[in-house]
Amino acid sequence: MAALMPIGSAAFGQDIGPQSPASRQQVEKLVGLWKDHFAGADSLQQRRTAFRTLMETMPGPTRIQVRQVDADGVDAELMWPARLHHPIGERVILYIHGGGFSGGSIRTHSLLAGSLAKAASSDILLIEYRLLPENTYPAQINDALTAYRWLLDNGYRSENVVVAGDGAGGNIAIETVLRQRQAAKPLPAAVVALSPITDLAATGGSMTANADSDPLVGRASIESLRKAYLGSRSPTDPQASPLYADMTGFPPLLLQVGSGEVLLDDTLRLADKARQAGVNVTTEIWPNMPHQWQLFPSLLDDADRASQNIAEFAIRHFADKPE
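As the structure is a computational prediction, the values presented were derived from the model and not from experiment.

Draft legend 1. Structural detail: the overall build of the chain. Scanning the chain from terminus to terminus reveals nine helices and eight strands. A compact globule built from 323 residues would reach a C-alpha radius of gyration of about 20 Å, and the chain, at 18 Å, matches this within 12%. For the C-alpha atoms alone, the extent of the chain along its principal axes is close to 50 × 45 × 40 Å. Counting all 323 residues of the chain, 58% fall into the buried class.

Draft legend 2. Main features of the pattern of salt bridges. By the definition in use, this model includes 12 salt bridges. Among the ionic pairs, R130 bridges to D143, the shortest N-O distance being 2.9 Å. In this pair, R130 is assigned in the loop between β4 (123–128) and α4 (139–153) and D143 in helix α4, connecting sequence segments 13 residues apart. Taken together, the salt bridges that share partners define one network made up of R157, E159 and D320.

Draft legend 3. Here's a closer look at the pairing of strand β6 (residues 190–194). Of all the five residues making up β6, five are buried; the element is thus mostly covered by neighbouring parts of the structure. Judged by which residues are buried, β6 turns out to be covered on both faces: A190, V192 and L194 on one side and V191 and A193 on the other are all buried. Note that the unit made of strand β5 (residues 161–166), helix α5 (residues 168–182) and β6 has a crossover that is right-handed. Relative to strand β7 (residues 253–258), β6 runs parallel, the two being bridged by four bridges.

Draft legend 4. Region of interest: the packing of helix α2 (residues 44–56) against helix α3 (residues 106–120). It is the contact of α2 with α3, at a shortest axis distance of 8 Å, that shows an interaxial angle of 40°. Taken as axis vectors, α2 and α3 run oblique relative to one another. In this structure, α2 meets α3 at a crossing whose hand is left-handed. Along its contact with α2, which presents F51, R52, M55 and E56, the element α3 presents R107, T108 and H109. Split by residue class, the contact of α2 with α3 holds two nonpolar, two polar and three charged.

Draft legend 5. Molecular detail of the sheet that holds strand β8 (residues 281–286). Read across the open sheet, the eight strands follow the order β1-β2-β4-β3-β5-β6-β7-β8; overall the sheet is mixed. On the outer flanks of this sheet lie β1 (64–71) and β8, each paired with one strand and no other. Here the strands of the sheet are splayed against their neighbours by 20° on average, with no regard to which way each runs. Where β5 lies against β6, five bridges are found, and the strand directions are parallel. Within the sheet, the bridge partner assigned to G165 lies in β6 and is A193. Taken strand by strand, α3 contacts β1, β2 (74–81), β3 (92–96), β4 and β5, and its axis lies near 165° from that of β4.

Draft legend 6. Spotlight on the nonpolar core. Membership of the largest hydrophobic core comes to 102 residues, with the highest contact counts inside it found for I93, L94, I96, L125, I127, F250 and F296. Those residues in contact with I93 that lie beyond four places of it in its chain are L116, A120, S122, D123, I124, L125, V162, A164, A314 and F318.

Draft legend 7. Representation of the packing of α4 against α5. Packing of α4 against α5 leaves a shortest axis separation of 9 Å and a crossing angle of 60°. Helix-helix and strand crossings are classified by hand; for α4 and α5 the assignment is right-handed. Residues Q140, I141, A144, L145, Y148, R149 and L152 of α4 pack against I172, E175, T176, R179 and Q180 of α5. For the contact of α4 with α5, the per-class residue count stands at six nonpolar, three polar and three charged.

Draft legend 8. Focus on a negative patch on the surface. A cluster of acidic residues, D70, D72, D75, E128 and D153, forms a negative patch at the surface. Here D72 is to be found in the loop between β1 and β2.

Draft legend 9. Here's a closer look at α3. At L112, α3 shows its strongest bend, of approximately 30°. Among the 15 residues that make up α3, 13 are buried, leaving the element largely enclosed by the rest of the structure. Capping the start of α3, S105 holds a side-chain oxygen 3.2 Å from the backbone nitrogen of R107, two or three residues further along. Directly beyond the C-terminal end of α3, a positive phi value near 45° is found at S121.

Draft legend 10. The environment of I88, seen in detail. Along the chain, I88 turns up in the loop between β2 and β3. Accessibility expressed as a relative area gives 37% for I88, which makes it partly exposed. For the pair I88 and T136, spaced 48 residues apart in the sequence, the C-alpha separation amounts to 34 Å.

The rules behind these values
Residues numbered from 1 in each chain as written. Predicted model: local features only at pLDDT ≥ 70, side-chain atom pairs only at ≥ 80, totals over all residues. Heavy atoms only, no water. Helix = DSSP H or I, 4+ residues; strand = E, 2+ residues; numbered from the N terminus. Rg over C-alpha atoms; globule rule 2.2 N^0.38 Å. Buried < 20%, exposed > 50% of the residue type's maximum accessible area, 1.4 Å probe, protein only. Salt bridge = Lys/Arg side-chain N within 4 Å of Asp/Glu carboxyl O. Right-handed = clockwise from strand over helix to strand, strands pointing away. Pairing = 2+ DSSP bridges. Axes fitted to C-alpha atoms, helices over the stretch in contact; angles between N-to-C directions. Parallel < 35°, antiparallel > 145°, perpendicular 65-115°, else oblique. Left-handed = near helix turned anticlockwise from the far one by under 90°. Contact = heavy atoms within 4.5 Å. Nonpolar A, V, L, I, M, F, W, Y, C, P; charged D, E, K, R; others polar. Core = buried A, V, L, I, M, F, W, Y, C linked by side-chain atoms within 4.5 Å. Patch = residues over 30% accessible without salt bridge, like charges linked within 9 Å, V, L, I, M, F, W, Y side chains within 5 Å. Areas by Shrake-Rupley, 256 points an atom, 1.4 Å probe, with all protein chains shown as cover. Lys, Arg positive; Asp, Glu negative; His and termini not counted. Charge placed at Lys NZ, Arg CZ, Asp CG, Glu CD. Bend = angle between axes of the 7 residues up to and from the residue. Polar contact = N/O pair within 3.5 Å; in protein donor to acceptor, adjacent residues only side chain to side chain.

Function cannot be inferred from these measures alone, as they are strictly geometric.
Structure representation (structure tokens):
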């Protein structure tokens, strides 16, 4: 099990332990698959298709139950473990998929969502929010906020809700909770952000320092997303880039990121800012993991380990613990 890095540490995740030779081989295989699928995918629509095609080669979740739901106009799937006496409606993780605001879907993230449902003994609401380029800021955040409030309106107590997301979904998850706080409405028990895009201005030092070690994301791709997503809006607007937001009063926060990602500093700087605002922050830096590695438990042992940590974090913060 990966250890949790205290935010004040300068170890930068060394307490997680070195990457094993087997893990390195698994990552190389995954990166090769990723490059094969994304070769020549330059436009937002092409990258959306490449991501969908890649994820269609992965297995779907097993031993879960699924219900299609309309969360006040937001299409979603409610998942829960297919086990006797699971108390549906008690605990839930609202999961907001990544994909650069322009890709991803219930299908691309159903394996991770199903894994979390079983490991956390929790329901999962996995949503289909509106995507770029058809829908720009703030449609994505509005849909996530609608889904969160739908959960509260349909019997889930806020202290039994965890909001989670990866990449752009991590951005949306954090911004959703910030809006709920600004409205002085009930906040979730905790938030999980996996390699979140916290700075659409792309000012982090790792954008340059990790440019050669990150095969999946780069400064150019972040800038392309920013232009399509925000248009003329400032990328340092705290309503779009949570790095610039006041984090005071934010719920407990778990952050996971790979050590070689260009988004490393998006995580570290947000973690530091949140800690200074009094937020209970847990940061995990995983050696040499690629962006969105948690989506590939069929290929990466470290995906299973990471999702187990997410589930344990959620369980610690649910008011009603699973029996």
